[in-house]
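As a plain string of letters, each chain reads:
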Amino acid sequence: MDKNFQEEQFTGTIKFTPPLYKQRYQFIKDLVGKYKPKKVADLGCADCTLLWMLKFCNCIEVLAGLDICASVMKEKMHRLSPLPGDYLQPAERSLTVTLHHGSVAHKDPCMLGFDLVTCIELIEHLEQSELKKFPEVVFGFMAPSMVVISTPNSEFNPLLPGVTLFRHPDHKFEWNRAQFQSWALETARRYDYSVEFTGVGHPLTGMEKVGFCTQIGVFVRKYPQTTESARSEKPTEAVYKTVFKAVYPSLKDEKYLQNAVVSEVIFTAQIMKRSLLDHLMSEREEYNDDPTERKSKFQPSMNCFSEDLGKTLVEKSMEPFVNGNVVYIPLTTIFSFPKVNRLCGTFEKLRKLIAGKVTLSSDGSAVMFNTEHENEEN
């Protein structure tokens, strides 16, 4: 629940560079870059800005947001949808983004199994009854590998012009460092987590004793979660309402992988065909006065085309060649290109993915192109 616009108003002459909310989000992004979590949930996601930033982190495969205010999420949730470019060039990873409407004081099985849970400027918005339930929901029930909680440091407030009690009208409390650390250490002890403290928003020179403007606790679960503990007290019914879900196109989906492989094979084969024809045209011009010599130079490649072509191509990795009006581009040669190789993994998978999608020789060992139109143009 980042209310940065009010914060900037209160700070008056104190200006953070970058702005404080960006420093908080960058802290999370750096943490993701270091630990590479696959599943990340942001509690109190508000306008989804942090989720939007995290969707570009290639390690993440599942993103989830939760907020008590559905209207705030809906204002900007369109930014989490795939763009046309995501369909034109699907990523190698899978990515699913989901937004839920609900309270962090309630348990829902959709929030199980996450590696990282972030709570950025959230807890100070909770009523006392919600704050009391919050540790059990997040640390006891969800039990992610890592939890990051940020909250205002009230010791910094005297440096913020215009702040009389709290930084935002919706804040129910604001803790000093001792209060936050006491709560965090007790929570960590109760649920078998360790916790380290840091923050963002450095004070002015000479005022270092007040600490960071935003204090942060990074909690790490001490022991792997057992199957039994993961299943204990698991609700049978969902209590959150899903308000948004986007599944990004991915090369892990056979449909998108096949499209990508077929496109890359055709593209690669077209380049090789063009190169071969240009080379032949150049040789034809060079030996135009001696057609016999030119024929003898290129005829052997044509004579290799036989019923044993597949075996010959695989064993000898032959170069592309022409037979009449047809250009043959060996699949083994196409498979040797790094991108094709990376997409398919194995030669057998390459053949399977392009079967029926690309014109192949009778034995399936080479991509075929008819050059009749090229010859007419020439």
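What this report covers is the structure whose coordinates are included nearby. Bear in mind the structure is a predicted one, so any value in this text is a computation, not a measurement.

Parameters at a glance
Along each chain, the written sequence defines residue order, and numbers are assigned to residues from 1. Residues qualify for local features only when their pLDDT is at least 70, as the model is predicted, and side-chain atom pairs are given and counted only at 80 or more; totals for whole chains, interfaces and linings, by contrast, use all residues. To get the side-chain values, take all heavy atoms of the structure and skip hydrogens and water. Going along the chain from the N terminus, every DSSP run of H or I of four or more residues is numbered as a helix, and every run of E of two or more is numbered as a strand. For this analysis, residues touch if any pair of their heavy atoms sits within 4.5 Å. What makes a nonpolar core is a set of buried Ala, Val, Leu, Ile, Met, Phe, Trp, Tyr and Cys residues whose side-chain atoms join them at distances within 4.5 Å. Exposure categories follow from relative accessible area, calculated using a 1.4 Å probe and restricted to protein chains: below 20% of the type maximum is buried, above 50% is exposed, and the middle band is partly exposed. Paired strands are those between which DSSP finds at least two bridges. Axis geometry follows a simple rule: fit a line to the C-alpha atoms, using only the stretch in contact for helices, then measure angles between N-to-C directions, giving values from 0 to 180 degrees.

Before going further, it helps to spend a moment on the environment of isoleucine 123. Mapped onto the elements of the fold, isoleucine 123 is located in the loop between strand 4 (116–120) and helix 6 (128–142). Taking the C-alpha atoms as reference, isoleucine 123 lies 8.8 Å from lysine 172; in sequence the two are 49 residues apart. Once residues within four sequence positions are removed from consideration, isoleucine 123 is found in contact with Leu131, Phe134, Ile149, Thr151, Phe173, Trp175 and Phe180.

This part takes up the nonpolar core. Soluble globular proteins tend to pack their nonpolar side chains together in the buried interior. Within the largest apolar cluster, 42 residues are counted, with the highest numbers of intra-cluster contacts made by Ile28, Val32, Leu54, Ile60, Leu99, Val148 and Phe244. Mapped onto this core, the elements with two or more residues apiece are helix 2 (20–35), helix 3 (49–54), strand 3 (96–101), strand 4, strand 5 (146–152), strand 7 (214–221) and strand 8 (241–247). Apart from residues lying up to four places away in sequence, phenylalanine 244 is in contact with Met77, Leu80, Ser81, Val97, Thr98 and Leu99.

Read across the sheet, three strands follow the order 9-10-11 without closing on themselves; strand pairing throughout is antiparallel. Since the sheet does not close on itself, it has two edges, and those belong to strand 9 (321–323) and strand 11 (366–370), each with one partner. Averaged over all adjacent pairs, the angle separating strand axes in this sheet is 30°, with direction ignored. By the bridge criterion, five bridges tie strand 10 (residues 326–330) to strand 11 in an arrangement that is antiparallel. Within the sheet, the bridge partner assigned to valine 326 lies in strand 11 and is asparagine 370.

Take the side chain of asparagine 153 next. Assignment of secondary structure puts asparagine 153 in the loop between strand 5 and helix 7 (177–190). Contacts of asparagine 153, omitting those with residues within four sequence positions, involve Arg167, Trp175, Asn176, Arg177, Val210, Gly211, Phe212, Cys213 and Gln215.

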